[in-house]
Amino acid sequence: RMALFRFAPSQFAYGRAYADPGWAPEVLDGMTEAQRAVLAPPYNNRLERTVLDEATGDTTVVTRAGFKKDFDKTVFGTTYF
């Protein structure tokens, strides 16, 4: 089950906290931002995910539009629901 969830497309993985506490700090020590992005558990990009551009090797954070964040804050009372 873990492998299926880990490699699931991001739109099927809305529970970004499923793997908390995540990797041990000693596993992540010395890794580049790109390596950390690849090891991140799957979760939908609307949840501010750092992603790796395979063509360039650069990382970027995919963010939602400000009005959507404002809506979530108004309706749910939090930025992450």
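See the structure printed just above.
Below is a summary of the structure that appears in this document.

So, how was this worked out
Residues numbered from 1 in each chain as written. Predicted model: local features only at pLDDT ≥ 70, side-chain atom pairs only at ≥ 80, totals over all residues. Heavy atoms only, no water. Helix = DSSP H or I, 4+ residues; strand = E, 2+ residues; numbered from the N terminus. Buried < 20%, exposed > 50% of the residue type's maximum accessible area, 1.4 Å probe, protein only. Contact = heavy atoms within 4.5 Å. Areas by Shrake-Rupley, 256 points an atom, 1.4 Å probe, with all protein chains shown as cover. Salt bridge = Lys/Arg side-chain N within 4 Å of Asp/Glu carboxyl O.

1. Re the overall build of the protein chain
The secondary structure content of the protein chain amounts to four helices and two strands. Written out in order from the N terminus, the α and β elements of the protein chain read α-α-α-β-β-α. Every one of the 81 residues in the protein chain was classed for burial, and the buried ones make up 19%. Relative to all contacts within the protein chain whose residues are 6 or more apart in sequence, the contacts with residues 24 or more apart total 33%. When the accessible area of the protein chain is evaluated, it comes to approximately 5900 Å², of which 59% is carbon and sulfur surface.

2. Digging into the pattern of salt bridges
Tallied over the entire structure, the rule returns one salt bridge. For Arg64, the salt bridge identified is with Asp72, shortest N-O distance 2.3 Å. Each member of the pair, Arg64 as well as Asp72, carries the same accessibility label: buried.

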